[in-house]
Each structure stands twice: as structure tokens, then as C-alpha cells.
Amino acid sequence: MKTDRQPIYPVEPWNVTETEFLPGNNYRNETTFALSNGYLGSRGTFEEAYDFDIDTGLEGNFVNGFYESEKIRYGEANFGSPEFSQSLLNLPNLKETHVELDGETFRMDAGKVEDYSRTLSMREGTLIRRLIWTSPSGKMAKIVFHRLVSFEMKNIMALRVEVTPLNFDGTIGFVS
């Protein structure tokens, strides 16, 4: 048995923190950073809604009790075999929000990402992603995404985006 393994994420009380964005780890991290309250759930995909394929990412937004049901056909049914299958249906992306900095759309796969972290606070029930982004044309901004799925009001998922320009004056826009 190997005992020299390093943890995937830094060991912290109550938090799980990703300190570097690596596309190869994205599929796993979307599961790790998912938020749910038992009624409403959302995978930990990014707000800017990348076109990942099945190997690198998968959008997922679900409401408990919203499913598709179909009769199961058996060649030979046994006592106690279920009669129907139930599959949760994936809803439209509730959190898709694009950030535009003076005409340039924020994308982590374009420009340069620095000081990146994404933290799931299991005590607070929040997911916070922080980074400094330099656009392909050189505009720098600090961008912070806050997300939660409410335990108090089961139908509520909230998203807050903070953008601070660091080296330019211009228009900041949001498309949701």
C-alpha cells in the first residue's frame, strides 16, 4: 500500500480549495465543488459556461422530483424487480453569466490567470472562486464569483460577481 501520497487539495478544516486550474482535473472538480440542498443542485461548473466535452466537463443543474420515468422491460422479471426507471433531468444552466471587460469576454482559457483559487466552504455552504485575469489585450481585473444554494429557502440559488479593474478604465458588463 502506498503511503507517500499527497492530498489532492490542501488540508483545511471545513474547506476544500483548488489552487490551480488544470483542465485535466475539471471533470472531478465539478463534482467536488457541487452545491445542493437536497431539492436543488448544481455541479461545480464555471459561471462562464465553457463548451467542455464529456471527458473534460459536464454541466448539471437538477431539481429533486423533476425526472423522466420509463417502464423497464425484462426478458424475465424477478419478484421485487422495479417496474419503472427514474432519471433526473438536466435543467438549463441557471448560473451562466459572462463577464465583459471593456468589450473583451472573460475566459480562463484566453489571456492569463493568476492568484486563482476556488473554495467550497462546507461550514457556510458557499463556493467562492477568486482570480486575477489579464485579457489578451492586457487589461487586468480581479474577479470574484460567490455562489450558494440556500438551505433556508429550498428554491433559491444565488450568484454574486465582483469585478475590480486593476489597470484600466472602461465598461464592465454582465450577460446572463
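Each remark here, short or long, concerns the structure printed above.
The structure displayed is predicted, hence computed values, not measured ones.

Attention now goes to the overall build of the chain. Looking only at helices and strands, the chain features one helix and 13 strands. Helices (α) and strands (β) of the chain occur, in sequence order from the N terminus, as β-α-β-β-β-β-β-β-β-β-β-β-β-β. For 176 residues, the compact-globule formula gives about 16 Å, and the C-alpha radius of gyration of the chain, at 20 Å, lies well above that figure. The principal-axis extent of the C-alpha atoms belonging to the chain is close to 70 × 45 × 35 Å. When contacts within the chain are restricted to residue pairs at least 6 apart in sequence, long-range pairs at least 24 apart make up 54% of them. Total accessible area computed for the chain in this model is approximately 11,200 Å², and 52% of it derives from carbon and sulfur atoms. Distance from the positive charge centre (18 side chains) to the negative charge centre (26 side chains) of the chain: 4 Å.

Before going further, it helps to examine empty space enclosed by the protein. Rolling a probe over the atoms, with the probe sized like a water molecule, indicates the empty space that remains. In the structure shown here, the tally under the stated rule is one cavity of 30 Å³ or more. Taken as a whole, the largest cavity encloses approximately 30 Å³ of empty space. Of the residues in the lining of the largest cavity, the class split is two nonpolar, two polar and four charged.

Once that is clear, we can look at a nonpolar patch on the surface. Taken together, the side chains of Tyr27, Ile54 and Leu58 make up a nonpolar region of the molecular surface, amounting to roughly 270 Å² of accessible area. Positionally, Leu58 belongs in the loop between β3 (40-42) and β4 (61-63).

Here we have three strands laid out as an open sheet, ordered β2-β3-β4, and antiparallel in their pairing. Of all the strands in the sheet, the pair left with one neighbour each is β2 (35-36) and β4. As defined by bridge partners, β3 adjoins β4 across three bridges and the pair is classed as antiparallel. Opposite Ser42, over in β4, you have Asn61 as the bridge partner.

Overall, antiparallel pairing links the five strands, which are arranged β1-β9-β10-β11-β12 in an open sheet. Each edge of the sheet is formed by a strand with only one pairing partner; in this case those strands are β1 (15-18) and β12 (157-165). Looking at each pair of strands side by side, their axes are set apart by 10° on average, direction ignored. Across eight bridges, the pairing between strand β9 (residues 112-121) and strand β10 (residues 126-134) is antiparallel. Bridged to Arg118 within β10 is Arg129.

Mapped onto the elements of the fold, Gly38 is located in the loop between β2 and β3. Since its relative accessible area comes to 52%, Gly38 is described here as exposed. Sequence spacing of Gly38 and Glu104 is 66 residues, and the spatial spacing of their C-alpha atoms is 37 Å.

Cut-offs applied
Residue indices follow the written sequence of each chain, beginning from 1 at its first position. Local features in this predicted model are restricted to residues of pLDDT 70 or higher, and side-chain atom pairs are both shown and tallied only at a pLDDT of 80 or more, whereas totals for entire chains, interfaces and linings draw on every residue. Hydrogens and water molecules were not included; the side-chain quantities draw on all heavy atoms of the structure. For helices the rule is a DSSP run of H or I covering at least 4 residues; for strands it is a run of E covering at least 2, with both sets numbered from the N terminus onward. Both definitions apply: the radius of gyration is a C-alpha atom measure, and the globule rule equals 2.2 Å times residues to the power 0.38. Residue contacts are defined here by distance: any two heavy atoms, one from each residue, within 4.5 Å place the two residues in contact. Note on areas: Shrake-Rupley with a 1.4 Å probe; residue coverage comes only from the protein chains shown. His residues and chain termini do not enter the charge count, which takes Lys and Arg as positive and Asp and Glu as negative. Just so you know, the charge point we use is NZ for Lys, CZ for Arg, CG for Asp and CD for Glu. Lining residues are those with an atom within 4 Å of a point, where the points come from a 1 Å grid over the protein atoms alone and group into cavities, where a 1.4 Å probe fits but cannot get out, or pockets, open sets with protein on both sides within 12 Å along at least five of seven lines. Grid points are joined across faces, edges and corners, and a volume is the space filled by probe spheres set on the points. Amino acids are sorted into nonpolar (Ala, Val, Leu, Ile, Met, Phe, Trp, Tyr, Cys and Pro), charged (Asp, Glu, Lys and Arg) and polar (every other residue, Gly among them). Patch members must show over 30% relative accessible area and no salt bridge, and they are joined within 9 Å when carrying like charges or within 5 Å when they are nonpolar side chains of Val, Leu, Ile, Met, Phe, Trp or Tyr. Here a salt bridge means any side-chain nitrogen of Lys or Arg lying within 4 Å of a carboxyl oxygen belonging to Asp or Glu. A pair of strands is considered paired only if DSSP assigns at least 2 bridges between the two. Interaxial angles span 0 to 180 degrees and are taken between N-to-C directions of axes, which are lines fitted to C-alpha atoms, for helices over the stretch in contact. Burial classes follow relative accessibility: with a 1.4 Å probe on protein chains only, a residue under 20% of its type's maximum area counts as buried, one over 50% as exposed, and anything between as partly exposed.

Purely spatial values, then, with no claim about function.
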